[in-house]
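Reading the structure
Each chain, written out:
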Amino acid sequence: LSGRYPLFNKANVASVDQARKSLVSAKADLETAEQDLIVRVAQAYFDVLAAQDALATVDGVTVVGHAVCGRDALAQIALLKPDMVLLDIGLPDISGIEVGMQMRTWAQPPRIIFLSLPDGAHFTALIQQVGSVGYVNKANFVTELLPLA
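What counts, and where the lines are drawn
- Residues numbered from 1 in each chain as written.
- Predicted model: local features only at pLDDT ≥ 70, side-chain atom pairs only at ≥ 80, totals over all residues.
- Heavy atoms only, no water.
- Buried < 20%, exposed > 50% of the residue type's maximum accessible area, 1.4 Å probe, protein only.
- Helix = DSSP H or I, 4+ residues; strand = E, 2+ residues; numbered from the N terminus.
- Arc of directions from axis to C-beta.
- Contact = heavy atoms within 4.5 Å.
- Core = buried A, V, L, I, M, F, W, Y, C linked by side-chain atoms within 4.5 Å.
- Pairing = 2+ DSSP bridges.
- Right-handed = clockwise from strand over helix to strand, strands pointing away.
- Polar contact = N/O pair within 3.5 Å; in protein donor to acceptor, adjacent residues only side chain to side chain.

To continue, consider helix H3 (residues 96–104). Those residues of H3 that sit buried are Gly96, Ile97, Val99, Gly100 and Met103. Down the axis of H3, the sector holding all buried residues measures 160°, keeping them to one side. Tucked inside the fold, the buried residues of H3 contact helix H2 (70–80), strand S1 (84–88), strand S2 (111–116) and helix H4 (124–130).

Here's what the structure looks like:
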């Protein structure tokens, strides 16, 4: 080492302090995002449970399975061959619309009822194109779902 390049440079202290503050802030943002994701996953799971409970009250309806993503849904639907599928539009890997489009190519696709958030009404044309039985709003799906089942 030469004297021209000291190991400690006072000019870099502010940069190091700022980097440490940014790291603390980024860790806090990540923790908040992880908690938000956990809440969303938990909410989605409770939506599934609520739908299962609501459908369990309908004579002649048996819930045979549920999936956590579109690819899993396609696999389970092909295996279980249900008569009807309650399909969320907002799936983590491929959209429910895409799942419906793929099922539409099958020889005997199940009937589809799409489930989405209140702002999902803009999917109406796509939902009709897939040939679904209907669209149910998550905000009040129990009252809207039972007449369709």
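Soluble, globular proteins show a tendency: their nonpolar side chains are buried together. Leu87, Ile97, Val99, Met103, Ile112 and Phe114 are the most contacted members of the largest nonpolar core, which totals 14 residues. For this core, the secondary-structure elements that each account for two or more residues are H2, S1, H3, S2 and H4. The residues touching Met103, leaving out its near neighbours within four places in the chain, are Leu74, Ile77, Leu87, Pro109, Pro110 and Ile112.

In this section: the pairing of S1. As defined by bridge partners, S1 adjoins S2 across 5 bridges and the pair is classed as parallel. Residue pairing across strands places Leu87 opposite Phe114, the latter belonging to S2. Handedness of the β-α-β unit built from S1, H3 and S2 comes out right-handed.

Relative to the helices and strands, Asp88 resides in strand S1. At 3.0 Å, the side chain of Asp88 and the backbone nitrogen of Gly90 are in polar contact. When near neighbours in sequence (up to four residues on either side) are disregarded, Asp88 contacts Gly96, Leu115, Ser116 and Lys138.

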